[in-house]
Each structure stands twice: as structure tokens, then as C-alpha cells.
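Observations on the model geometry
Listed below are the residues making up each chain.
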Amino acid sequence: MSFVAKFNALPQETLLKRSSSATETNVRGTLTKSRLTLADFVGLISPAASDLLEPLCRRSQALTQQRFGKVIRLFAPLYLSNECVNNCKYCGFSRDNPILRVTLSVDEVLREARALKEQGFRNILLVAGEHPRFVSKNYVANCVRALHDEFPSISLEVGPMETEDYRPIVRAGAEGLVVYQETYDRAVYAELHTAGPKRDFNWRMETPERAYAAGFRRLGIGALFGLADWRFEALCVAAHADYLLRNCWKAQLTISLPRLRPCAGQFEPLTRMTDRDLVQLVCAFRLMFPDAGLVLSTREPAKLRDGLVPLGITLMSAGSHTEPGGYTGAGKEHLHQTVRGRIVEMGASEWATTRNDEVHATGQFDIADERSPQEVAERIRRLGYEPVWKDWDAALTA
Ligand code: SF4
């Protein structure tokens, strides 16, 4: 049975009612348990648990240190392309946005990757919009192949594919696949995804299973907070994670907690998730899934990221650029502007990224933590944790 069938049968309303009526006593009881169910999890994300943040944080911190040690793994996103055939109202790369676009050549991707290597990174996430013509399965496989010798850990966050299309990419050396459902609320999903193959909610939700069948050994999931009620999304992510841990058990699982950031198109969040809610959710995920990686990106400001280091996070991006060519300026000769998916004569785009008076491709969203990777690593050290740049080597599993 795929997760779609499980999801359709999930007693969402009952569980959310249980969350809203949970008491401090219920939550304190859950904090003493070693194995939790979804019914326990909804207590941890309840309003009652929000008043017990201190004990929640203490338990999460202890569990994280026990399972992972005092270590934060660092990675960087490398954007291959910002072409996209989808319209997702909350994303700067949406097809209809009049932005500056480019797809890097494999050589340019290598240049970008080497700039990241210079900074220390060995763990990279290749990111691209969904455009089968520009970001084809062969192109993605070629990029992975070009980087494989120099980067022991390559993950992908690109448009979902069929299992058979993933196989050559895995053979080329990719070992992780990240795909966010964005929102698990079917009505909100339909409202926000107005054009393109991404409109198919179920197909997207089954992507981690197809990726696992193709041989990916790291799976990343998450919701984009700011679209639907955060407690609802958290419950669905937890149900999804629980399913993947049982059914794709050879894979390592990571859960990301991205919140919406400003981007081209100026979409405003539909719902609010406060910093306090985010801290509560990090702890709740840790208690529910003691061995899952929890990922925090540069979408969050430096101070909050530093505060979350000891509380359950295990993976962080640093020094990120969300535009293709962001690390070296690669690809800027091939920039073009599109309006509603059609290439038009280059004009001044209000969404272009400019650095040192040079025009670059448009980024997916604005980042909040603008520190360099070295500054982030130094801060992690000062907090008593070890920043780790490389956390996987294919030779270890050979
Ligand atoms: S979220 Fe992904 S699929 Fe949607 S517009 Fe952005 S890049 Fe394209």
C-alpha cells in the first residue's frame, strides 16, 4: 500500500482534535515514553505543549546528543537551473514570473561545485526548477557524473521523475533525493499549483517511494510552512515520515522545516508559524523520530539558527545562493528573460539579482542568514558542536 492510501485513511480530524484538547498532564506523560505514536506526536505539537517548551527542549537536546553526538553536518545548495514549467504561487521560479533565467552547462556546474569545495563543502544538494527540456534526466545524470569523483555526497531536489528515470542518476552517483509536498492540504495544494505537472498531488506524494525503488538511500521530505495550518502540516509530515521509515527502511530519512521567504511574485504567507512554533516542532519531530536528520536552511535568520543548533537540528546549509551561478557568476552570458514561459527581449527585470553591478539570474527566494560558511562553522564550534563538511563516502558501503 503506497503512502497515498495511508494518507487518505489518516484520521486527521480526530488527531487534530486530540491535539487541541491535550493537557499538560498528557504532554508530561508523553515526555517519559521511549517510543511514540502519531497520537503522542499530536500532543507534542499541541497548544498545551507550547507551555512546556523547556522540558521539551531538554528532552530533544538529550536525545539528539545521544543519537548524533555534538555534530552539525553542513551542506550547500547548488542551483542548476531556474527554468520551470509549473506555476506555484509561492515560488520565485514560477513559469509566469517575468524573471531572468538560465540553465548552467555541466562545465559551469562543475565550476560552481569547485567554488563550494574551496569553502570546505563535500556534501551538496543539486537544485533545479522542473523543466524536462532544460533539466532532463540525462542532464541531471551528466551533472552528477561530473561531480561524483570530487563530492562524496550528492543529493537532488529536482522535478519528480519515474523510477526508471531515476536509476541512471543513482548509477551516476547521486545518493539522496529531497522532495517537499509543499502542503498536504489537497484544497490549498490545488489552489496554489495553477499550471504544470506538479498539479498532480498524489504523484508528488509518491515520489520518495519511487526514488527508494530506484536505489536512493537518503530521502528528504517536508512541508513549506506558511501555506496551511502548521499543526496539520506537521501531523501529515510525521505520518509520511512514519510510513517511509517502515517501508523504505534501508534509507536514511531527513525532515526539513522550511518557512516561506520573500520571492519574485511577492506571495504573502497564508498562515503564520512563529519562531516558538518552529522550536516546538523541531523538538516534537526529534522525540517522534530520534534517528531522523532534521534540516534547517538559510531561510531562517542567524540568531534563530544558532539557538536551534543544540535543540535537535543535525543538518544545516550555509552561505547559500538560490540563483543558478550564484557562487561564481557562471552562466550570466546566457541569461534570458521569460514572460509567461516565452523568451522575450532582455529588459530590466525588477527580480534580477545584482552583485558588484553585475546582473545575475533571479533567485528562488531571499535568504535570511547571510553569513559565510566559515562564519557559520565558527559559530557552531563556539556553541560546542563540531561542524562536519563530509558525512558520507560511497567507499564505506562498497
Ligand atoms: S516550487 Fe519548484 S516546481 Fe514550483 S515553480 Fe518553484 S521551482 Fe518550479
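As a reminder, the structure under discussion sits directly above these lines.
Before going into details, it helps to say that this report is about the structure given with it. Small disclaimer: the values here were computed from a predicted structure and weren't measured.

**Thoughts on the pairing of strand β12 (residues 336-339)**
- Note that strand β3 (residues 100-101) and β12 share two bridges and pair antiparallel. Bridging from a neighbouring strand, Leu100 pairs with Gln337 of β12.
- Pairing between β12 and strand β13 (residues 342-344): three bridges, direction antiparallel. Looking at β13, one finds that Thr338 is bridged to Ile343.
- The turn linking β12 back onto β13 is made up of two residues, and Arg340 within it adopts a positive phi angle of 50°.

**Some details on the pairing of strand β1 (residues 71-81)**
- When you tally the buried positions in β1, you get 10 out of 11 residues, the bulk of the element.
- Here β1 runs beside strand β11 (residues 315-317); their pairing, made up of three bridges, is parallel. Each bridged residue has a counterpart across the sheet, and for Leu74 the counterpart in β11 is Met316.
- Pairing geometry for β1 and strand β4 (residues 123-128), over five bridges, is parallel. Looking at the pairing, Ser81 lines up with Ala128 of β4.

**A short note on unusual backbone geometry**
- Even without a glycine there, the phi angle at Glu182 is positive, about 70°.
- One can find Glu182 in the loop between β6 (176-178) and α10 (186-192).
- Classification of Glu182 by relative accessible area gives buried; the value is 8%.
- Of note in the backbone geometry, Gln266 takes a positive phi value of approximately 55° without being a glycine.
- Residue classification places Gln266 among the exposed positions, given a relative accessible area of 57%.

**What to know about the side chain of Thr322**
- Take Thr322: it is sitting in the loop between β11 and β12.
- A distance of 3.0 Å separates a polar atom in the side chain of Thr322 from the backbone nitrogen of Gln364.
- Engagement of the side chain of Thr322 in a polar contact is seen with the backbone oxygen of Phe365, the distance being 3.0 Å.
- In this structure, Thr322 is in contact with Tyr79, Phe93, Thr362, Gly363, Gln364, Phe365 and Ile367, ignoring residues within four places of it in sequence.

Reading guide: rules and limits
- Residues numbered from 1 in each chain as written.
- Predicted model: local features only at pLDDT ≥ 70, side-chain atom pairs only at ≥ 80, totals over all residues.
- Heavy atoms only, no water.
- Pairing = 2+ DSSP bridges.
- Helix = DSSP H or I, 4+ residues; strand = E, 2+ residues; numbered from the N terminus.
- Buried < 20%, exposed > 50% of the residue type's maximum accessible area, 1.4 Å probe, protein only.
- Polar contact = N/O pair within 3.5 Å; in protein donor to acceptor, adjacent residues only side chain to side chain.
- Contact = heavy atoms within 4.5 Å.

In short, geometric facts, not functional conclusions.
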